[in-house]
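Notes for the structure review
Spelled out from the first residue to the last, the chains are:
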Amino acid sequence: MTGKRRSRKTFDHQPYLTVEELRTALAACDARDRALFAAMVELAMRAGEPGLLRRTDWRDGRHEVYVRRLKGSKNGTLACSDELDRALRAWEAERPASAWLFPGRDRAGPRGLGRDTVRELWEQAATRAGLSPRARYVHILKHTRGTLLSAAGVKREAIGEAMGHAMLTSTDRYLKVTPEDRDRLHRVSAAIAAKVLA
């Protein structure tokens, strides 16, 4: 290696989903896909990570999920919301017998749903929901998590931990400026100016 850094590819993608877009997409899903995509957003998972979830990784009633990460990210137990618990319980009522929380075609196979299947399922759900073609790539779910946490004022370090990042520089690419952030900036700037210039 010569020490040159490869340039990152740029894609013509929407950077994140709004809460309304996410709600619309999840409403267009069956129980499995609703639980799958809700888990992917809330637990900030990549397309290949839901297939690593064993049924025992979800601790029903304790509001916890153990997440195995890919690409050098940190594995760990994450808290989950009542809403994600409910979505997982609804899926549990229909889920075929398997060691995997989201089983693939081979229920006894070495892993659950494959990455390509997860991508296809999201593309179908996003299309049914009428989302822009730019919002039909599954990694938008992880970007949405980082952006919504940032917009809610969660510290960068906590966002990195929630997303399983080993380095905060990885977290930075998930933090997008939202219209609400711009409004908050304007309000705070105006309040500071009023104090300083009064």
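In what follows, the structure referred to is the one given above.
Residues numbered from 1 in each chain as written. Predicted model: local features only at pLDDT ≥ 70, side-chain atom pairs only at ≥ 80, totals over all residues. Heavy atoms only, no water.

**Things to note about the sheet that holds strand β3 (residues 76-79)**
Where we set the bar: Strands were regarded as paired on the criterion that DSSP finds at least two bridges between them. A run of H or I in DSSP becomes a helix once it reaches four residues, and a run of E becomes a strand once it reaches two; helices and strands are each numbered from the N terminus.
Spatial strand order, β1-β2-β3: three strands in an open sheet with antiparallel pairing. Taken across any chain shown, the strands that pair with only one partner, and hence form the sheet edges, are β1 (58-59) and β3.

**Focus on the layout of surface pockets**
In plain terms, the rule: Both site types are read off a 1 Å grid over the protein atoms alone. A 1.4 Å probe that fits but cannot get out defines a cavity, while an open set with protein on both sides within 12 Å along at least five of seven lines defines a pocket; lining residues have an atom within 4 Å of a point. Grid points are joined across faces, edges and corners, and a volume is the space filled by probe spheres set on the points.
One number sums up the size of the second largest pocket: a volume of about 450 Å³. In terms of lining residues, the second largest pocket is bounded by 17 residues, among which L22, L26, A38, E42 and E83 are the most central. The set of elements that each furnish at least two residues to the lining of the second largest pocket consists of α1 (19-27), α2 (31-42), α3 (82-94) and α5 (140-151).

**Remarks on α1**
Which entries qualify depends on this criterion: Type-normalised accessible area, obtained with a 1.4 Å probe on protein chains alone, sets the label of each residue: buried when under 20%, exposed when over 50%, and partly exposed for intermediate values. In this description, the arc belongs to the directions extending from the helix axis to the C-beta atoms. The contact criterion used is simple: two residues touch if any of their non-hydrogen atoms lie within 4.5 Å.
Inspection of α1 places L22, A25 and L26 among the buried residues, and these make up the whole buried set. Down the axis of α1, the buried side of the element spans an arc of 95 degrees, and every buried residue falls inside it. Buried residues along α1 sit against α2, α4 (115-128) and α5.

**A look at the environment of F102**
Topologically, F102 is positioned in the loop between α3 and α4. On the basis of relative accessibility, which here comes to 0%, the residue F102 falls in the buried class. Residues F102 and W91 lie eleven residues apart in sequence; the distance between their C-alpha atoms is 9.1 Å. Ignoring anything within four residues of it in the chain, the contact list for F102 reads R32, A35, L36, P50, L53, L88, W91, G112 and L113.

**Describing α4**
Our working rule: A helix's residues, less one, multiplied by 1.5 Å, set its expected span.
Here α4 is 14 residues long and its end C-alpha atoms lie 20 Å apart, about the 20 Å a rise of 1.5 Å per residue gives. Those residues of α4 not exposed but buried are V118, L121, W122, A125 and A126. Summarising the axial view, the buried residues of α4 lie within an arc of 130 degrees, below the 170-degree limit, and thus occupy one face. Buried residues belonging to α4 abut α1, α2 and α5. In the stretch just after α4, G130 is the one whose phi turns positive, near 75 degrees.

**A few points about the pattern of salt bridges**
Threshold: Each reported salt bridge corresponds to a side-chain nitrogen of Lys or Arg within 4 Å of a carboxyl oxygen of Asp or Glu.
If you walk through the whole model with that rule in mind, you get 13 salt bridges. Residue R156 is joined to D172 by a salt bridge in which the shortest nitrogen-to-oxygen separation is 2.6 Å. With R156 in helix α6 (residues 156-162) and D172 in helix α7 (residues 168-172), this pair connects stretches of sequence that are 16 residues apart. Judged by its relative accessible area of 31%, R156 is partly exposed. Among the charged side chains, a network of salt bridges with common partners joins R55, E92 and R95.

So far we have only geometry, and geometry alone does not tell us how the molecule works.
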